[in-house]
Amino acid sequence: MRAIQQHPDLELQLIVGSSALLHRFGSVIDIIRSDGFTETAVVHSIVEGETPTTMAKSTGLAIIELATHFENLQPDIVLTVADRFETLSTAVAASYMNIPLVHTQGGEVTGSIDESVRHAITKLAHLHFPATERAAEFLARMGEQEHTIFMTGCPAIDIVAEADLTLPADIFQEYRGVGEELTTDKDYIIVLQHPVTTEYGSSRQQIDATLEAVHPFAKEGMQIVWLWPNVDAGSDDVAKGIRVFREQNETPNMHFYRNFDPEDYVRLLANSRCIIGNSSSGLREGAYLGAPCVNVGTRQAGRERGPNVIDVPHEASAIAKAIRTQLDHGKYPSSNLVGDGTAAKQMAEVLSTFEFNIQKKISYIN
């Protein structure tokens, strides 16, 4: 956003919506504002419940709301990110309204509904900014015109590359949360586990396995920074599992947070001993930072990964063994797997000069 804002030939219009507006998911809109951005519009579209039905309804509601905002704002280009179910709403509304659609992080392979959402957006998008060479190749193999594909890397890595990785002494107190007080003077591991939408109904069992695996490390003295799950279907079961575990067990050295702002999260990851769960950040930002990662389950199945990742099933013993291995190993060499820190500037330059053709054409036809 900053690269677009600073480019002389571009004007940023920012629509903020979905879970970014909700307090229980960290009020991301407040972080956006504190970074100096002002939203042009907001979209309240999340239907409470965190089930497959509410995901579908939230997507439909967002299409309706976004269509209204696009009609009012008259953007020349709409840019949407990655594979969240909410981003499909952006893609549908823009493409149906003949607004050129730009998509970042297309062509990647993962598990859950994210896989289908990402590829659906690809087929609606007119310009692509994949993060890796393999992703760019997959876009071309999906029939996207090669002149619309620009391998820029992931803009999230720009934040990592530019960040001061020094951990603020008061970071654990600033973000509050619940649990035993943590300190930057001691080692810690991060746990961030989201529900797997295509395995709806299994979230409670899956989070219980991770809790069982991590708890002994906390009892041994390792600090645990546990982040709340996202808004996907099944997140209520994940949250309930965490709450019940806290009520039924002593949880020394464990603290639970809604979220951290992007810069502080990067600092947190950079200084951690390990990240555990199924967040893409362990595979993406973690690769650049060389942060040891234990990737649990199928949510990131098929995604490119560096040597910093150990993959395990939702089994407590396997998770615990992998954690021990990563703690013994320590930091990995930095990898530019998903970017070198220059993605945003590349994207802004392309956006300022690219000639869009609103009529898409599959590349196999001359």
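Above this text sits the structure in question.
Remember, predicted model here, so these are calculated numbers, not experimental data.

**Observations concerning the pattern of salt bridges**
Charged atoms that come close allow side chains of opposite charge to pair. This structure, assessed with the given rule, holds 20 salt bridges. Close ionic contact of Glu39 with Arg33 constitutes a salt bridge, the shortest N to O distance being 2.6 Å. One salt bridge in this structure joins Arg305 and Asp311, with 2.7 Å as the shortest N-O distance. Among the residues examined, Arg305 registers a relative accessible area of 26% and is labelled partly exposed. Its relative accessible area of 43% is what places Asp311 among the partly exposed residues. Each of Asp83, Glu108, Glu115, Arg118, Arg284 and Arg303 takes part in a single network of salt bridges with overlapping partners.

**Topic: the sheet that holds strand β3 (residues 78–81)**
Read across the open sheet, the three strands follow the order β3-β4-β5; overall the sheet is parallel. Looking at the sheet topology across the chains shown, the edges are occupied by β3 and β5 (127–129). Within this sheet the neighbouring strands show an average axis-to-axis angle of 20°, counted without direction. Relative to β5, strand β4 (residues 101–104) is paired through three bridges, and the arrangement is parallel. By the bridge assignment, His103 is partnered in β5 with His128. In the packing of helix α14 (residues 343–353) onto the sheet, contacts are made with β3, β4 and β5, and the angle to β5 comes to roughly 170°.

**As for the sheet that holds strand β10 (residues 275–277)**
The mixed open sheet is built from seven strands, whose spatial order is β6-β9-β8-β7-β10-β11-β12. A single partner strand is all that each edge strand has here, and the edge strands are β6 (178–179) and β12 (309–312). Of the strand pairs in this sheet, β10 and strand β11 (residues 293–296) are connected by three bridges, and their pairing is parallel. Bridge pairing links Ile276 to Val294 in β11.

**With respect to the nonpolar core**
Across soluble globular proteins, nonpolar side chains show a tendency to be buried alongside one another. Within the largest apolar cluster, 30 residues are counted, with the highest numbers of intra-cluster contacts made by Phe172, Val225, Phe260 and Leu268. The element contributing the most residues to this core is helix α11 (residues 262–270), with five residues. Those residues in contact with Phe172, other than ones at most four positions away along the chain, are Leu182, Thr183, Thr184, Tyr188, Val225, Tyr257 and Leu268.

**Quick look at the layout of surface pockets**
It is the rolling of a water-molecule-sized probe over the atoms that shows where space remains empty. Taken as a whole, the second largest pocket holds about 410 Å³ of empty space. If you go around the second largest pocket, you meet 19 residues; those closest to its centre are Gly26, Tyr175, Gly177, Arg258 and Asn259. Sorting the residues of the lining of the second largest pocket by element identifies α2 (28–34) and β9 (254–257) as the ones contributing at least two each. Of the residues assigned to the lining of the second largest pocket, the class counts are seven nonpolar, six polar and six charged.

Criteria and cut-off values
- Residues numbered from 1 in each chain as written.
- Predicted model: local features only at pLDDT ≥ 70, side-chain atom pairs only at ≥ 80, totals over all residues.
- Heavy atoms only, no water.
- Salt bridge = Lys/Arg side-chain N within 4 Å of Asp/Glu carboxyl O.
- Buried < 20%, exposed > 50% of the residue type's maximum accessible area, 1.4 Å probe, protein only.
- Pairing = 2+ DSSP bridges.
- Helix = DSSP H or I, 4+ residues; strand = E, 2+ residues; numbered from the N terminus.
- Axes fitted to C-alpha atoms, helices over the stretch in contact; angles between N-to-C directions.
- Contact = heavy atoms within 4.5 Å.
- Core = buried A, V, L, I, M, F, W, Y, C linked by side-chain atoms within 4.5 Å.
- 1 Å grid on protein atoms, 1.4 Å probe; cavity = no way out; pocket = protein on both sides within 12 Å on 5 of 7 lines; lining within 4 Å.
- Points joined across faces, edges and corners; volume = space filled by probe spheres on them.
- Nonpolar A, V, L, I, M, F, W, Y, C, P; charged D, E, K, R; others polar.

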